[in-house]
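# Notes for the structure review
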Amino acid sequence: MGMKDKAGKTKAQAKQKMHEGQEQAKQKTHEGQEQAKQKTHEGQEQAKQRGQQAQERGQQTQQRGQQMRERGQQTRERGRQNMDDTEQEMQDRFNQDYDA
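Quantities reported herein were computed from a predicted structural model and do not represent experimental measurements.

### Concerning the overall build of the chain
Per the secondary structure count, the chain includes 1 helix and 0 strands. The dimensions of the chain, computed from C-alpha atoms along their principal axes, are 145 × 10 × 10 Å. For the chain, buried positions account for 0% of its 100 residues. A total of about 9600 Å² of accessible surface is found on the chain, and carbon and sulfur atoms cover 48% of it. In the chain, which carries 20 positive and 17 negative side-chain charges, the distance between the mean positions of the two groups comes to 27 Å.

### Some details on the environment of Thr75
As for its position among the elements, Thr75 is in helix H1 (residues 3-99). Spatially, the C-alpha atoms of Thr75 and Gly65 are 15 Å apart, while their sequence positions differ by 10 residues.

### Observations concerning the pattern of salt bridges
Opposite charge on two side chains permits them to pair, given that their charged atoms come into close proximity. Taken as a whole and assessed by the stated rule, the structure comprises 3 salt bridges. With its nearest N and O atoms 3.9 Å apart, the salt bridge here joins Glu34 to Lys37. Note that Glu34 and Lys37 are positioned in helix H1 at a spacing of 3 residues, about one turn of the helix. Ionic pairing is found between Glu89 and Arg93, a salt bridge with its closest N-O pair at 4.0 Å. You can see Glu89 and its partner Arg93 sitting in helix H1, 4 residues apart, about one turn around the helix. Judged by relative accessible area, which is 42%, Glu89 ranks as partly exposed.

Cut-off values and rules
Residues numbered from 1 in each chain as written. Predicted model: local features only at pLDDT ≥ 70, side-chain atom pairs only at ≥ 80, totals over all residues. Heavy atoms only, no water. Helix = DSSP H or I, 4+ residues; strand = E, 2+ residues; numbered from the N terminus. Buried < 20%, exposed > 50% of the residue type's maximum accessible area, 1.4 Å probe, protein only. Areas by Shrake-Rupley, 256 points an atom, 1.4 Å probe, with all protein chains shown as cover. Lys, Arg positive; Asp, Glu negative; His and termini not counted. Charge placed at Lys NZ, Arg CZ, Asp CG, Glu CD. Salt bridge = Lys/Arg side-chain N within 4 Å of Asp/Glu carboxyl O.

Below is the structure:
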């Protein structure tokens, strides 16, 4: 084998190795892109779940607020009824005392 043949073979091997390196780089880039897409998708799903949970907590808070308002209204109504009853009782006693 002559020097020229050896140089040509070495050059061909170098080209082959360079080509293999480029292919490996492309493959790694592709894998990295796929992983990035997957992580993005997972992040979006997690964000969506957190949003739904927050919305549910907001609805529960609104329901509790409504229940508290209703209880407050019932308490005020009972208070008014008790005052009305007390006034009626006082009026009845007054009438009994002066009717007798």
